[in-house]
Amino acid sequence: MNLATATVADIVDAITPLDALERQHIEDTRAWLASTDDVFRRVKPDTPPRHLVSYVVLVDPRARSVLLGRHLLAGLWLPTGGHISPGEHPLTAAGREAAEELGIDPEFTVIGTEPLFLTVTTTVGTHSGHQDVSLWYVIRGDRTREYTLDPGEFAEARWWDIDTFDHTDADPHFARFLTKLEPLLPERIPNH
C-alpha cells in the first residue's frame, strides 16, 4: 500500500459508523484500499470505476441548516465536493472543492477536520454507473450569507432545515448523514 492510500486507510479507520450500512461501507472500503493503490480518479468520468470523493457539507450549526445544490450531472440535491486528485489528501481536496464550488476559504470548525461519514454510492445521472467512495467533511456556513455555487456544477442552491429534512431527490445517504450530524449541533437558536 503506497503512502497516499495508507493515509486514506487511516482516515477511514478513524470513522465511527452510524449504523450497519456505514459499517459495511467502511469494511468494504478497507478491503478495497488493501487490494489496490488505484483509488483516485485518473480519467473523467469513471477511470478507475471506483474512486475517492470528498463531500463538503456547508452547515450553519446555529440555524441547524445545510446548503445543498441541484447538481447538473446527477440531477440531485447534493453538497459541494468532488473527486480527490491522485495523491491528494482528502482534507486538502475538501478545502479545494469548497474554494472552487463555493468561493470560500472553508472553516472546519463545526466538528473538526476529520470526515464525519463514509458512503459507497453507485452514481446516477449523465455519468452513471461508477462508484464514489465519499468522505463527508463538515464546514461552517451562515444561512444569512449568500453563497453562489459554481454554475458549471450546480443549477441552484437552497438551505435545508436539518430537523425536518425529507427530500427524496438528494444523495441517497444524506438523511443518514444528518442523523449522524444532528446530535453534534447545538439546539436551535430562536429566529434562525
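These remarks concern the structure in this document. Since the structure is predicted, the reported quantities are computational estimates derived from the model, not experimental observations.

## Side note on helix 3 (residues 90-102)
Reasoning step 1: Here helix 3 spans 17 Å end to end across 13 residues, near enough to the 18 Å set by a 1.5 Å rise per residue.
Reasoning step 2: Here the buried face of helix 3 lies against helix 1 (3-13), strand 1 (50-60), strand 2 (65-71), strand 4 (80-83), strand 6 (131-140) and strand 7 (154-161).
Reasoning step 3: The first or second residue beyond helix 3 is Gly103, which carries a positive phi of 70°.

## Details of the nonpolar core
Reasoning step 1: Within the largest apolar cluster, 31 residues are counted, with the highest numbers of intra-cluster contacts made by Leu52, Leu58, Leu102, Leu118 and Ile139.
Reasoning step 2: Elements supplying a minimum of two residues to this core: helix 1, helix 2 (20-35), strand 1, helix 3, strand 5 (117-122), strand 6 and strand 7.
Reasoning step 3: Ignoring any residue separated from it by four or fewer positions in sequence, one finds Ile139 in contact with Val56, Val57, Leu58, Val59, Ala98, Leu102, Ile104, Pro106, Glu107, Phe108 and Val110.
Reasoning step 4: Core analysis: the next-biggest nonpolar cluster, separate from the first, contains 23 residues, Val59, Val66, Val110 and Leu181 among them.

## Observations regarding the pairing of strand 5
Reasoning step 1: Taken across its 6 residues, strand 5 has 5 buried, putting it largely inside the fold.
Reasoning step 2: With 6 bridges connecting them, strand 5 and strand 6 associate as antiparallel partners. Counterpart to Val120 in the pairing with strand 6 is Val133.

## Considerations on the side chain of Thr29
Reasoning step 1: Looking at the element boundaries, Thr29 is found in helix 2.
Reasoning step 2: Within polar-contact distance, the side chain of Thr29 engages the backbone oxygen of His25 at 2.7 Å.
Reasoning step 3: Ignoring any residue separated from it by four or fewer positions in sequence, one finds Thr29 in contact with Val12, Leu118, Val120 and Val133.

## Brief notes about helix 1
Reasoning step 1: Within the span of helix 1, buried status applies to Thr5, Val8, Ala9, Ile11 and Val12. Across the axial projection of helix 1, the buried residues extend over an arc of 160°, all falling on one side. Turned more than 90 degrees off the buried face of helix 1, the exposed positions are Leu3 and Asp10.
Reasoning step 2: At the N-terminal boundary of helix 1, the capping side chain belongs to Asn2, with an oxygen 3.1 Å from the backbone nitrogen of Ala4.

## Let's talk about the pattern of salt bridges
Reasoning step 1: By the definition in use, this model includes 10 salt bridges.
Reasoning step 2: In this structure, the salt-bridge partner of Asp19 is Arg176, at a minimum N-O distance of 2.9 Å. Of this pair, Asp19 sits in the loop between helix 1 and helix 2 while Arg176 sits in helix 4 (residues 174-181), and the two are 157 residues apart along the sequence.
Reasoning step 3: Between Glu88 and Arg96 there is a salt bridge, with the nearest N and O atoms lying 2.9 Å from each other.
Reasoning step 4: For Glu88, a relative accessible area of 14% corresponds to the buried category.
Reasoning step 5: Through salt bridges with shared partners, a single network forms among Glu88, Arg96, Glu97 and Glu100.

## Observations regarding the pairing of strand 6
Reasoning step 1: For strand 6, the buried fraction is high: 8 of the 10 residues fall into the buried class.
Reasoning step 2: Judged from the 10 bridges that link them, strand 1 and strand 6 form a sheet pairing that is parallel. Note on strand 6: the bridge partner recorded for Val53 is Ser134.

Basis of the calculations
Residues numbered from 1 in each chain as written. Predicted model: local features only at pLDDT ≥ 70, side-chain atom pairs only at ≥ 80, totals over all residues. Heavy atoms only, no water. Helix = DSSP H or I, 4+ residues; strand = E, 2+ residues; numbered from the N terminus. Expected span 1.5 Å × (residues − 1). Contact = heavy atoms within 4.5 Å. Core = buried A, V, L, I, M, F, W, Y, C linked by side-chain atoms within 4.5 Å. Buried < 20%, exposed > 50% of the residue type's maximum accessible area, 1.4 Å probe, protein only. Pairing = 2+ DSSP bridges. Polar contact = N/O pair within 3.5 Å; in protein donor to acceptor, adjacent residues only side chain to side chain. Arc of directions from axis to C-beta. Salt bridge = Lys/Arg side-chain N within 4 Å of Asp/Glu carboxyl O.

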